[in-house]
Amino acid sequence: MEQKFNQQPSNAFVAASWAALLIGMTAFIIGLWNAEMELNEKGYYFTVLMFGLFSAISVQKAVRDHMEGIPVTSLYYGIAWFTTLLSMLLLVVGLWNAELTRSEKGFYAMAFTLSLFAAIAVQKNTRDAKVRPKEEPRQPSTVNEITSTYVSKKL
């Protein structure tokens, strides 16, 4: 069942999506920068963030391709979902075992969640903008429209 998607994302939604992505990622990274943890721990959380962002975008692409009738292999679809859930699990396990205050753990969890959601929205907006360009000039279809267009160009 193929569905048609005809609506362009609004400029406000595009801006809000980008803002959410930048705020989430920046907050997460600044939190890591300022955290009093070993460099290998910081690397772990940074890698989990990047892995999660890529995985979430892959899920969105696979789901959207499937909805639009573009062939998606079950293997790719399954891997996309698996890696997204795995990135979330890795964050939860890392935070569960980290020697951080609960407020710090909550901060990282929320920044991660915001970043994943925003990455999906940005990818969706980018795809929608590429798939359907802004309004194209409409060609005249009736004899009257053709004649009036011709006459107006001559005047």
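Above this text is the structure in question.
This brings us to the overall build of the chain. Counting secondary structure elements, the chain contains five helices and zero strands. Of the regular secondary structure in the chain, the N- to C-terminal order runs α-α-α-α-α. In the chain, 75% of the contacts between residues at least 6 apart in sequence involve partners at least 24 apart. Put simply, the chain shows about 10900 Å² of open surface, and 68% of that area lies on carbon and sulfur atoms.

This paragraph deals with the side chain of Ser-87. Within the secondary structure layout, Ser-87 lies in helix 3 (residues 74-97). Those residues in contact with Ser-87 that lie beyond four places of it in its chain are Val-48, Phe-51, Gly-52 and Phe-112.

Our next topic: helix 1 (residues 11-34). Between its first and last C-alpha, helix 1 extends 34 Å over 24 residues, near the 34 Å set by a 1.5 Å rise per residue. Listing the buried residues of helix 1 in full gives Ser-17, Ala-20, Leu-21, Gly-24, Phe-28, Gly-31 and Leu-32.

Right, let's talk about the packing of helix 2 (residues 39-67) against helix 3 for a bit. Where helix 2 meets helix 3, the axes come as close as 8 Å, and the angle between the chain directions of the two elements is 150°. Classified by the angle their axes make, helix 2 and helix 3 are roughly antiparallel. Remark: the crossing between helix 2 and helix 3 carries left-handed chirality. Contacts between helix 2 and helix 3 involve Tyr-44, Tyr-45, Val-48, Phe-51, Gly-52, Ser-55, Ala-56, Ser-58, Val-59, Ala-62 and Val-63 from the former and Tyr-76, Tyr-77, Ala-80, Trp-81, Thr-83, Thr-84, Leu-86, Ser-87, Leu-90, Leu-91, Gly-94 and Leu-95 from the latter. Taken together, the residues that form the contact of helix 2 with helix 3 break down as 16 nonpolar, seven polar and no charged.

A rise of 1.5 Å per residue sets the reference length of helix 3, with its 24 residues, at 34 Å; its end C-alpha atoms lie 34 Å apart and thus fit the reference within 8%. Taken together, the buried positions of helix 3 are Ala-80, Thr-83, Thr-84, Ser-87, Leu-91, Gly-94 and Leu-95.

Let us now look at the packing of aromatic side chains. Scanning the model with the defined rule gives four aromatic pairs in all. With a centroid separation of 6.1 Å and 10° between ring planes, the pair formed by Tyr-45 and Tyr-108 is classed as stacked. Note that Tyr-45 is positioned in helix 2 and Tyr-108 in helix 4 (residues 102-131), a separation of 63 residues in sequence. In this structure an aromatic cluster arises from ring pairing among Phe-28, Tyr-44, Tyr-45, Phe-107 and Tyr-108.

This paragraph deals with the nonpolar core. Ranked by size, the top nonpolar core spans 22 residues in total, and within it Phe-28, Met-37, Tyr-45, Leu-91, Tyr-108 and Phe-112 carry the most contacts. Listing elements by their share of this core, those giving two or more residues are helix 1, helix 2, helix 3 and helix 4. A total of seven residues in this core trace back to one element, the largest contributor, which is helix 4. Once you skip the residues sitting within four places of it in the chain, Phe-28 turns out to touch Tyr-45, Phe-46, Leu-49, Leu-91, Phe-107, Tyr-108, Ala-111 and Phe-112.

On to the side chain of Arg-127, then. Relative to the helices and strands, Arg-127 resides in helix 4. With sequence-adjacent residues up to four places away left out, Arg-127 is seen in contact with Lys-61, Arg-64, Asp-65, Glu-68 and Ile-70.

Here the focus is the environment of Ala-121. Mapped onto the elements, Ala-121 comes out in helix 4. Separated by 100 residues in the primary sequence, Ala-121 and Leu-21 have C-alpha atoms spaced 8.8 Å apart.

This brings us to a nonpolar patch on the surface. Taken together, the side chains of Tyr-77, Trp-81, Leu-85 and Met-88 present a nonpolar region at the surface, about 370 Å² in accessible area. Residue position: Trp-81 is located in helix 3.

Along the chain, Gly-106 falls in helix 4. As a C-alpha pair, Gly-106 and Leu-95 span eleven residues in sequence and 8.9 Å in three-dimensional space.

Here is what the cut-offs are and how they apply
Per chain, residue numbering runs from 1 following the sequence as it is written. Selection of residues for local features in this predicted model requires a pLDDT of at least 70, selection of side-chain atom pairs for listing and counting requires 80 or more, and totals for whole chains, interfaces and linings are taken over all residues. By convention in this description, side-chain values take in all heavy atoms of the structure and omit both hydrogens and water. Under the scheme used here, helices are H or I runs from DSSP no shorter than 4 residues and strands are E runs no shorter than 2 residues, and both carry numbers assigned from the N terminus. Throughout, a contact is declared for two residues whenever any of their heavy atoms are within 4.5 Å. For every accessible area listed, the method is Shrake-Rupley and the probe measures 1.4 Å; residues are considered covered only by the protein chains on display. Given a helix with a known number of residues, its expected span is that number minus one, times 1.5 Å. Accessible area is worked out with a 1.4 Å probe on protein chains only. A residue is then buried under 20% of its type maximum, exposed over 50%, and partly exposed in between. The axes are straight lines fitted to the C-alpha atoms, using for helices just the contacting stretch, and the angles between their N-to-C directions are given from 0 to 180°. Reported orientations rely on four angle classes, namely roughly parallel under 35 degrees, roughly antiparallel over 145, roughly perpendicular from 65 to 115, and oblique for the rest. Left-handed is the label given to a crossing in which the near helix is rotated counterclockwise from the far helix by less than a right angle, and right-handed is the label when the rotation is clockwise. Note on residue classes: Ala, Val, Leu, Ile, Met, Phe, Trp, Tyr, Cys and Pro are nonpolar, Asp, Glu, Lys and Arg are charged, and everything else, Gly too, is polar. Pairing of aromatic rings covers Phe, Tyr and Trp, the last through its six-membered ring, and needs centres within 6.5 Å; plane angles under 30 degrees mean stacked, over 60 mean edge-to-face, and all others mean tilted. The definition of a nonpolar core used throughout is a set of buried Ala, Val, Leu, Ile, Met, Phe, Trp, Tyr and Cys residues joined through side-chain atoms within 4.5 Å. Residues form patches when they are more than 30% accessible in relative terms and have no salt bridge. Like charges link within 9 Å. Nonpolar side chains (Val, Leu, Ile, Met, Phe, Trp, Tyr) link within 5 Å. Any Lys or Arg side-chain nitrogen located within 4 Å of an Asp or Glu carboxyl oxygen qualifies as a salt bridge.

Remember that the coordinates give geometry; whether it matters functionally is a separate question.
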